[in-house]
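Observations on the model geometry
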Amino acid sequence: MTRALVEYVAPWLVEHPEAVEIDEVETEGGAVVVEISVHADDVGKIIGKRGRVIRSLRTLAKAAGQRAGENVTVEVVD
């Protein structure tokens, strides 16, 4: 559910939506890490000024994860 949310929102935030890749990794502790990979020109846009955009995306994903009973984190990878 959280992956679907990030897959829906992330392409709207960047100039190269075709380059957005999303992976979901489960850690040993049972937490879910959603990894976002974007075009090199869009890294600043997905992070935002002072990290506001990625912080908002993390908040949305965390709220969606809590509804599903999961501990979710969102990370931007190169």
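Use the structure listed above.
1. A look at the pairing of strand β2 (residues 32–37)
Burial analysis of β2 places five of its six residues in the buried class, the great majority of the element. By the bridge criterion, six bridges tie strand β1 (residues 21–26) to β2 in an arrangement that is antiparallel. The residue bridging E21 from the neighbouring strand is S37, located in β2. Counted along the chain from β1 to the antiparallel partner β2, the turn is five residues long, and its residue G30 has a positive phi close to 95°. Relative to strand β3 (residues 72–77), β2 is paired through six bridges, and the arrangement is parallel. Pairing of S37 across the sheet is with V77, part of β3.

2. Observations regarding the packing of helix α1 (residues 2–13) against helix α3 (residues 52–67)
Contact geometry for α1 and α3: axes closest at 9 Å, N-to-C directions at 160°. In this view, α1 runs roughly antiparallel relative to α3, as classed from their interaxial angle. Where α1 crosses over α3, the two elements pack in a sense that is right-handed. The residues of α3 that touch α1, namely those facing T2, L5, V6, V9 and L13, are V53, L57, L60, A61, A64 and G65. Within the contact of α1 with α3, the residues separate by chemical class into nine nonpolar, two polar and no charged.

What counts and how
- Residues numbered from 1 in each chain as written.
- Predicted model: local features only at pLDDT ≥ 70, side-chain atom pairs only at ≥ 80, totals over all residues.
- Heavy atoms only, no water.
- Buried < 20%, exposed > 50% of the residue type's maximum accessible area, 1.4 Å probe, protein only.
- Helix = DSSP H or I, 4+ residues; strand = E, 2+ residues; numbered from the N terminus.
- Pairing = 2+ DSSP bridges.
- Axes fitted to C-alpha atoms, helices over the stretch in contact; angles between N-to-C directions.
- Parallel < 35°, antiparallel > 145°, perpendicular 65-115°, else oblique.
- Left-handed = near helix turned anticlockwise from the far one by under 90°.
- Contact = heavy atoms within 4.5 Å.
- Nonpolar A, V, L, I, M, F, W, Y, C, P; charged D, E, K, R; others polar.

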